[in-house]
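Residue-level listing of the chains:
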Amino acid sequence: GESVGLHLPTLSVQEGDNSIINCAYSNSASDYFIWYKQESGKGPQFIIDIRSNMDKRQGQRVTVLLNKTVKHLSLQIAATQPGDSAVYFCAVARWTGNQFYFGTGTSLTVIP
Amino acid sequence: DAGITQSPRHKVTETGTPVTLRCHQTENHRYMYWYRQDPGHGLRLIHYSYGVKDTDKGEVSDGYSVSRSKTEDFLLTLESATSSQTSVYFCAISSGNEQFFGPGTRLTVL
């Protein structure tokens, strides 16, 4: 199986600052990692993913960092905006598998 | 929501009654999943399907059954609902690795 944990259940940042959300996983065989954003009353929405053959991947204002040695990944959001306020989940899986394991989520609040 | 709908969106029912939730996709994806989401827990997999009539259990399958008679529909049934099944239920679809989620169904069992 797999155990996925997020380091902080809540995070508050000032608008314009950078946000960092962290996630830890337990199974070293996991090789596919995804970050999701979930707004109130909606389903999770894909943000960015990374496979284990990479340690960094960038999207629009978001960067995911993967440290396989300590089984840790992080999501960095640059210039955080009020619209970024949501719950953020990491999900961990095997690239060849069918099952995803989710963390409990970090609730990000952006202070104007 | 990537062509995924769930019905109903909200339901209140009584303990002991059967309940069926429906997930419908227009993407023709092979994989479909049912999750439940509860405070203090991440999304937990109930059942998933890897094709028509092909299903398998997830982490929290007790008390739930599923059926997939068509590619586009994946049904989740609670044969006899219990209060512990009060939750928000999400359907997801996948053609490979990335999962797309539906809007969710909020189920309350009194």
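Fair warning: this is a prediction, and the values are worked out from it, not measured in the lab.

Chemist: Please clarify how the pattern of salt bridges should be interpreted in this entry.
Modeler: Residue and element names in this part refer to chain B. Applying the stated criterion across every chain, the model contains seven salt bridges over all chains. Notably, a salt bridge pairs Arg36 with Asp38, separated by 2.8 Å at the nearest N-O pair. Residues Asp38 and Arg44 are paired through a salt bridge, measuring 2.9 Å at the closest nitrogen-oxygen approach. Across this residue pair, the class does not change: Asp38 and Arg44 are buried. Several salt bridges converge on common partners, so that one network encompasses Arg22, Lys70 and Asp73.

Chemist: Help me understand the interface of chain A and chain B in this model?
Modeler: When the parts of a complex come together, some accessible area is lost, and that lost area is often used as the size of the interface. The interface is formed by 18 residues belonging to chain A together with 19 residues belonging to chain B. Surface buried jointly by chain A and chain B totals about 1600 Å² across both partners, of which 53% is contributed by carbon and sulfur atoms. Contact with chain B buries area across many residues of chain A, yet Asn98, Phe100 and Phe102 of chain A alone supply 35% of it, more than any other trio. Between the two partners, chain A and chain B, sit zero salt bridges. Our count for the chain A to chain B interface comes out at two residue pairs in polar contact (both at pLDDT 80 or more). Listed by contribution, the elements that provide at least two residues to the side of chain A that touches chain B are strand 4 (32–38) and strand 10 (100–102) of chain A. When residues of the side of chain A that touches chain B are assigned to their parent elements, the largest contribution, four residues, is made by strand 4 of chain A. Looking at the side of chain A that touches chain B residue by residue, the class counts come to nine nonpolar, seven polar and two charged.

Chemist: How should I be thinking about the sheet that holds strand 1 (residues 4–7) of chain B in this particular structure?
Modeler: The strands that make up a sheet pair up through hydrogen bonds in the backbone, lying either parallel or antiparallel. Residue and element names in this part refer to chain B. Taken together, four strands build an open sheet; the order of strands is 1-3-8-7 and the sheet is antiparallel. Across the chains shown, the open sheet's two edge strands, defined by having one partner strand only, are strand 1 and strand 7 (64–70). Across the sheet, the mean angle from the axis of one strand to that of its neighbour is 20°, orientation sign disregarded. Pairing of strand 1 with strand 3 (residues 19–25) involves four bridges; the strand directions are antiparallel. Opposite Ile4, over in strand 3, you have Gln25 as the bridge partner.

Reading the values: the criteria
Residues numbered from 1 in each chain as written. Chains lettered and ligands numbered in written order. Predicted model: local features only at pLDDT ≥ 70, side-chain atom pairs only at ≥ 80, totals over all residues. Heavy atoms only, no water. Salt bridge = Lys/Arg side-chain N within 4 Å of Asp/Glu carboxyl O. Buried < 20%, exposed > 50% of the residue type's maximum accessible area, 1.4 Å probe, protein only. Contact = heavy atoms within 4.5 Å. Buried area = accessible area lost by both parts, 1.4 Å probe. Polar contact = N/O pair within 3.5 Å; in protein donor to acceptor, adjacent residues only side chain to side chain. Helix = DSSP H or I, 4+ residues; strand = E, 2+ residues; numbered from the N terminus. Nonpolar A, V, L, I, M, F, W, Y, C, P; charged D, E, K, R; others polar. Pairing = 2+ DSSP bridges. Axes fitted to C-alpha atoms, helices over the stretch in contact; angles between N-to-C directions.

The analysis is restricted to geometry; functional conclusions fall outside its scope.
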